[in-house]
Amino acid sequence: MNRTHIFLSLAILSGVSHAGPLYNFVEIDQTASFISGHNVAKQPVVDEASIEKEYTLTERASSLSAIAVTPDGKQYIAKVDGMELVLLEQAIAIIESQGLDASIFSSKSQLPTITYNNKRLFPSVVIGADDRIQITNTVQNPHWFNGRIDVGCTGTLITEKHVLTAGHCVSNGAGNWYSSLDFTVAQNGSFEPWGSETWKQAVTTTAWHNNADTNRDYAIIVLAEAPHGGHSGWGTYSGGTHSVTGYPGDKPFGTMWTDSGNTSSTTFRVCYTLDTAGGQSGSGIKDTGNAVRGIHTTGSPTQNCGTRLTSTVYITLQDWITTYP
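Residues numbered from 1 in each chain as written. Predicted model: local features only at pLDDT ≥ 70, side-chain atom pairs only at ≥ 80, totals over all residues. Heavy atoms only, no water.

## What about the state of the cysteines?
Now for step 1: Overall, the coordinates contain two disulfides when judged by the stated rule.
Now for step 2: In this model, C153 is linked to C169 through a disulfide, with the two sulfur atoms separated by 2.2 Å. Every disulfide takes its handedness from the sign of the S-S torsion; for C153 and C169 that torsion is -85°, giving left-handed. Of the two residues, C153 sits in strand β8 (residues 153–157) while C169 sits in the loop between β9 (162–165) and β10 (177–178), which places them 16 residues apart along the sequence.
Now for step 3: Disulfides within the protein chain link the bonded cysteines, taken in sequence order, as 1-2, 3-4. (Disulfide = S-S within 2.5 Å. Helix = DSSP H or I, 4+ residues; strand = E, 2+ residues; numbered from the N terminus.)

## Examining helix α8 (residues 311–323)
Now for step 1: For α8, spanning 13 residues, the distance from its first C-alpha to its last is 18 Å, which sits close to the expected 18 Å at 1.5 Å a residue.
Now for step 2: Most of α8 sits out of view: 10 of its 13 residues are buried.
Now for step 3: For α8, the full list of buried residues reads S311, T312, V313, Y314, I315, T316, L317, D319, W320 and I321. (Expected span 1.5 Å × (residues − 1). Buried < 20%, exposed > 50% of the residue type's maximum accessible area, 1.4 Å probe, protein only.)

## Describing the packing of aromatic side chains
Now for step 1: Per the stated rule, a full pass over the model turns up nine aromatic pairs.
Now for step 2: Note on W144 and F145: the rings are 6.2 Å apart at their centroids and 50° apart in plane angle, and the pair reads as tilted.
Now for step 3: Overall, the relative accessible area of 0% leaves W144 in the buried class.
Now for step 4: Since its relative accessible area comes to 2%, F145 is described here as buried.
Now for step 5: Here the aromatic rings of Y218 and W320 are separated by 5.6 Å at their centres, their planes lie at 25°, and the arrangement is stacked. One end of the pair, Y218, is in the loop between α7 (206–211) and β14 (219–223); the other, W320, is in helix α8, and 102 residues separate them in sequence. Side by side, Y218 and W320 carry an identical accessibility label, which is buried.
Now for step 6: Aromatic ring contacts, followed pair by pair, group Y23, F25, Y218, W320 and Y324 into a single cluster.
Now for step 7: The ring of Y55 carries R216 above its face, with NZ or CZ at 5.3 Å from the centroid.
Now for step 8: The ring centre of W257 lies 4.3 Å from the NZ or CZ of K251, which sits over that ring. (Phe/Tyr/Trp six-rings, centres within 6.5 Å; stacked < 30°, edge-to-face > 60°. Lys NZ or Arg CZ within 6 Å of the ring centre and 35° of its normal.)

## Concerning the pairing of strand β3 (residues 66–69)
Now for step 1: Here β3 shows a buried face lined by A66 and A68 and a second buried face lined by I67 and V69.
Now for step 2: The pairing of β3 with strand β4 (residues 75–78) spans four bridges and is classified as antiparallel. Looking across to β4, one finds that I67 is bridged to I77.
Now for step 3: Sheet topology places β3 next to strand β13 (residues 199–205); four bridges connect them, and they run antiparallel. Looking at the pairing, I67 lines up with T204 of β13. (Pairing = 2+ DSSP bridges.)

## Quick word on the sheet that holds strand β1 (residues 26–28)
Now for step 1: Judged by pairing direction, the sheet is antiparallel, and its 10 strands sit side by side in the order β1-β4-β3-β13-β14-β9-β8-β7-β11-β12 without closing on themselves. Both edges of this open sheet fall to β1 and β12 (196–197), since each of them pairs with a single strand only.
Now for step 2: On the sheet, α8 packs against β3, β9, β13 and β14 and is oriented at approximately 25° with respect to β14. (Contact = heavy atoms within 4.5 Å. Axes fitted to C-alpha atoms, helices over the stretch in contact; angles between N-to-C directions.)

## Some details on helix α4 (residues 57–64)
Since the α-helix turns once every 3.6 residues, residues separated by three or four places project in the same direction.
Now for step 1: Considered for burial, the residues of α4 that qualify are A61, S63 and L64. Viewed end-on, α4 has its buried residues packed into an arc of 170°, placing them on one side of the element.
Now for step 2: Here the buried face of α4 lies against β3, α5 (82–97), β13, α7 and α8. (Arc of directions from axis to C-beta.)

## Some remarks on the pairing of β14
Now for step 1: Summarising burial for β14: five of the five residues are buried, a large majority.
Now for step 2: Side chains A219, I221 and L223 project from β14 onto one buried face, and the interleaved I220 and V222 project onto a second face that is buried too.
Now for step 3: Note: β9 against β14, four bridges, orientation antiparallel. Counted as the bridge partner of T165 is A219 from β14.
Now for step 4: Bridging between β13 and β14 involves five bridges; their strand directions are antiparallel. Across the sheet, A202 pairs through a bridge with I221, a residue of β14.

Now the structure itself:
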């Protein structure tokens, strides 16, 4: 781990434009084990005990370690040092104590920069409803950032080429990766306005990959090419009304559906009673400004939950993006 990045949040305040990466990925001498096939990802159920879990320093450092894979089976691991994690947490605490985390740990959206069928696409406002409704026009803001992952999940473009999704959409939590991670942005049934993009890396936490820790159930998929040049805004969670939009398996194949309502949070999770189904795993939990503030991951008859984007998770994801551009 690079110590300069420990003070990323403080560096931002002092005008420093660049800090070294938090993670140093090193190739390991172990070829990845893949599970092949489309629509094979399994959604975990809510583990009430894990929602309130308290981690020791050693456990926090271990759970924030990361693992990456390429389609040819090469694997790379990055471990987090406990003492340096303490310094990072102290720096974040200083920022959050000043009420600045929401503005600092956020990234703005970017509209698509190309056309479809020789016509420029422009955003329009879609008002969410209390019940799940179908998005019939997927080539509009913010839905043109959502896409379907072949493994049977949903993801959101948070850069031109990086798809934010759940850890269990790239790995089964028992040391095995999924191979069907190609991404089709704004899919609407058989309609694929920008086609399907292949993947070149997937990254998740070792806590999810090896131990199915639902508090660390998040991942990014790096695409070989940018689908349309745009991406969603995203950043730390701060409460309020949110929506979950994705590709539920109980609806016609490849169709996008959404629901919105109030959310609550714990240290690691965002929870809600919004309607979801398998296939929506990895969907962005978006605020009323359509910025992603969490990742839908688990379901149960009483409540659904997702990974909360905390300041630490935000820094982690930014470092993964920097390491695998």
